[in-house]
Amino acid sequence: MKLRTMYNIKKSIQSKIFLSFLLVIIIPTIFIGISSYIVSVDILKNKVSSSFSDIVKYIKYSIEKELDQIVQISDYIFADNEIKEAIIKSNISSFNHLKSKEEFDRKITRYSIANTFANINILNVYALKNSSFSYTKDPTLVTNDKRIRQSSYYKQALSEGGKIVWGERVNYWQNNANEEKQNSISLFRAIRDSNYKHNIGVLFINISSNLFTDLIGQYTLSNSSSIYVLDNNNILIYQSNNKADRDIEKYLNVIGNNGSADDSFFESKNGNELIVYSVSPEYDWKVIGVISVSELTKDNSKIISITVLSFMISLIVTSIIWYKVSSSILKPVKTLTKTVKKVRDGDLTSRCQVANKDEIGELSQSFNYMIQQINVLMDEKIYEQNMIKDAEYKALQAQINPHFMYNTLNSIRWMAILSKADNIKQMIDVLNRLLRSTTKTTDKFISIEEEINMLKDYYYIQKHSYSCKFEVVWDIDESALKYKCVKFILQPLFENAIFYGIVPKDGIGTIIVKVKKNDDHIEMSVKDDGAGMSQELIKQILSQQKQKKGFTGIGIRNVDKRLKITYGDTYGLKIESVLGQYTKLSIIIPICNKTVTCEEDPSCVE
């Protein structure tokens, strides 16, 4: 007995759901604690590297902007003809030099109004014959002109012919006590004559290291992060902490080994540092940001402890809750199963009686609604079939009316009196074919070719009834004849063209019957140049309003209704007319969809 109970427990849905729930929770959680640390570190790296990269790039853009302004000052001096003239005069005599110096001071004073001069320690212009001009806001700053003239950057500037040469951190000062000024950088540029053919002097601009301190100091960096600024010769210009300069070589090796020539993010081989690298494309200056990974991830071990504790608590609580929920689910599921079996056996009146306010209750209501809709759809389908049959019957009544039969027989009577038996035989043969087509009820659809042939028989009869009253133009696309359409849809349109278009008209009229195949549909139309219709009458016909007298439009409405029942409301009859000019009745039917059978799509080719 005990063994059977244990077997039933294992077999029940509730036990299967509960055991599956435990397995689904426990197995993935084993990996969560192991992988959470790795994932959290990667996420932290990505977030920090993204933020740190934005800082480095912004510093690079700021440095570019400042350098652009300093280069712009050098461009002004390089192109200033007054300064060039002062340099040339200074080489002539000491008197000319003093006068030229006054002109230089006046000119530079104008330039010094710009905010960019706040980061310039000193600006010197050296003539080739030992004379020089100097500008500075700090009178205590005195340069060692001999050391500047002997520097390799000075000589390189002369050989570059006007191009800018950046000088590294060299002590160009006579006062060696100013450490901050010794670590500044310099710009060298040859000044050429007015024709820019020969060198006449060299421009020397010394830039304060406060430029980088102010730019980088606005960001709060941790003790484990560093910012390095290097010039185009990979010479260290600025560093944000007191680390040794030799660290730069290590970072440059990491960047070089990864083959980067643009903004990049790297992780050092030992995984202890994140390196962000950004280079100025215009000046080839580099900004390198370094941040310690260990400092960032030192608290990540707490994630594993919190994850394990949270899992144990949630496992106990959710197990209790899930056991209760699975028990409450089982009872309404059985009720729903019984109802489904009854419906499967054909009892569409059966309904599921579940009052729960949960998903099972919603499912039961949806199931009941589905059965109700099935019943409604079945009723609608039966009603639709009856409407189709009734429409076809009314179509036959509208198409073969006593007036038509009377005229036809009267035509045959007069032909028998006035002519030989051959015409009577031909008229009777045509009438027989037409009567067979109209009374044929086994097929709902016929080919367009059959529909045209039937219309031609009808035309043959009417041609003798209204001799010399109208002529017909047949514009038939042969490629469309093989497709199927609803039976007897052109004859009512043709009849309307004769009786309400041509007959009321004075003189001979023309009826154009056109069939054209397009990419995805076939268009059929009957157009006459008769009396036409008013727009009010057209609206009444298409809205199924019955006319009190005169034109009834029953045949046209019948065709429109059968088309919409067969092909959908997007299809049907289109009427274009102008009183006293013409009336055009158009039909558009879809071309067969090759993914369905001919029984499903009436336009399919057999």
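Residues numbered from 1 in each chain as written. Predicted model: local features only at pLDDT ≥ 70, side-chain atom pairs only at ≥ 80, totals over all residues. Heavy atoms only, no water.

A. Layout of helix 17 (residues 535–542). Within helix 17, the full set of buried residues consists of Leu537, Ile538 and Ile541. For helix 17, the angular spread of buried residues about the axis comes to 100°, placing them on one side. Relative to its buried face, helix 17 has exposed residues pointing more than 90 degrees away, namely Glu536 and Lys539. Of the surrounding secondary structure, the elements contacted by the buried residues of helix 17 are helix 18 (554–567) and strand 16 (572–578). (Buried < 20%, exposed > 50% of the residue type's maximum accessible area, 1.4 Å probe, protein only. Helix = DSSP H or I, 4+ residues; strand = E, 2+ residues; numbered from the N terminus. Arc of directions from axis to C-beta. Contact = heavy atoms within 4.5 Å.)

B. Structural view of a nonpolar patch on the surface. Together, Leu309, Ile313, Ile316, Val317, Ile320, Ile321 and Val325 make up a nonpolar patch on the protein surface, roughly 640 Å² of accessible area in all. With respect to the helices and strands, the residue Leu309 is situated in helix 11 (residues 301–344). (Patch = residues over 30% accessible without salt bridge, like charges linked within 9 Å, V, L, I, M, F, W, Y side chains within 5 Å. Areas by Shrake-Rupley, 256 points an atom, 1.4 Å probe, with all protein chains shown as cover. Salt bridge = Lys/Arg side-chain N within 4 Å of Asp/Glu carboxyl O.)

C. Expanded view of the pattern of salt bridges. Following the criterion strictly, the structure yields five salt bridges and no others. Among the ionic pairs, Glu576 bridges to Lys574, the shortest N-O distance being 3.6 Å.

D. How the structure looks around the sheet that holds strand 12 (residues 470–476). Judged by pairing direction, the sheet is mixed, and its five strands sit side by side in the order 12-14-15-17-16 without closing on themselves. A single partner strand is all that each edge strand has here, and the edge strands are strand 12 and strand 16. Taking the axes of each pair of neighbouring strands and ignoring which way they run, one obtains an average angle of 10° across the sheet. In this sheet, strand 17 (residues 582–590) lies alongside strand 16 in antiparallel orientation, the contact comprising seven bridges. Opposite Lys574, over in strand 17, you have Ser586 as the bridge partner. Its contacts with the sheet place helix 15 (residues 448–465) against strand 12, strand 14 (509–517), strand 15 (521–528) and strand 17, and it is angled at close to 170° to strand 12. (Pairing = 2+ DSSP bridges. Axes fitted to C-alpha atoms, helices over the stretch in contact; angles between N-to-C directions.)

E. Local environment of the side chain of Asn124. Positionally, Asn124 belongs in strand 1 (residues 120–127). Here Asn124 falls in the buried class, since its relative accessible area comes to 2%. Polar contacts involving the side chain of Asn124 include one to the side chain of Ser134, which spans 2.8 Å. Polar side-chain contacts of Asn124 include one of 3.1 Å to the side chain of Thr143. In contact with Asn124, not counting residues within four places along its chain, are Phe133, Ser134, Tyr135, Thr143, Asp145, Val202, Leu203 and Phe204. (Polar contact = N/O pair within 3.5 Å; in protein donor to acceptor, adjacent residues only side chain to side chain.)

F. The arrangement of the nonpolar core in detail. Ile63, Ile77, Ile108, Leu123, Phe212 and Trp285 are the most contacted members of the largest nonpolar core, which has 47 residues in total. Not counting the four nearest positions on each side in its chain, Ile77 is found in contact with Ile83, Ile108, Tyr111, Leu123, Ile191 and Leu203. One finds Met524, Leu537, Ile538 and Leu585 within the second-largest nonpolar core, a separate group that totals 42 residues. (Core = buried A, V, L, I, M, F, W, Y, C linked by side-chain atoms within 4.5 Å.)

G. How the structure looks around unusual backbone geometry. One non-glycine residue, Tyr196, lies in positive phi territory at about 55°. Tracing the backbone through its elements, the reader meets Tyr196 in the loop between strand 4 (185–192) and strand 5 (199–207).

H. Fine view of the side chain of Thr583. Counting through the fold element by element, Thr583 comes out in strand 17. Accessibility expressed as a relative area gives 3% for Thr583, which makes it buried. Polar side-chain contacts of Thr583 include one of 2.9 Å to the side chain of Ser577. Among all residues touching Thr583, those that are not within four sequence positions of it are Val526, Lys527, Asp528, Gly532, Met533, Glu576 and Ser577.

I. The arrangement of the packing of aromatic side chains in detail. Counting across every chain of the model gives twelve aromatic pairs. Ring plane angle 80° and centroid distance 6.3 Å describe the contact between Trp166 and Tyr283, whose orientation is recorded as edge-to-face. In this pair, Trp166 is assigned in strand 3 (residues 164–167) and Tyr283 in the loop between strand 9 (273–279) and strand 10 (286–292), connecting sequence segments 117 residues apart. Taking relative accessible area as the criterion, Trp166 reaches 6% and is therefore assigned buried. (Phe/Tyr/Trp six-rings, centres within 6.5 Å; stacked < 30°, edge-to-face > 60°.)

J. Quick peek at the packing of helix 15 against helix 16 (residues 491–502). Taken N-terminus to C-terminus, the directions of helix 15 and helix 16 make an angle of 25°; their axes are 10 Å apart at the nearest point. Taken together, the axis directions place helix 15 and helix 16 in an arrangement best described as roughly parallel. In the crossing of helix 15 with helix 16, the sense of the turn from one axis to the other is right-handed. For the pair helix 15 and helix 16, contact is made by Glu451, Leu455, Tyr458, Tyr459 and Gln462 and by Gln491, Phe494, Glu495, Ile498 and Phe499, respectively. When the residues that make up the contact of helix 15 with helix 16 are grouped by side-chain class, the tally is six nonpolar, two polar and two charged. (Parallel < 35°, antiparallel > 145°, perpendicular 65-115°, else oblique. Left-handed = near helix turned anticlockwise from the far one by under 90°. Nonpolar A, V, L, I, M, F, W, Y, C, P; charged D, E, K, R; others polar.)

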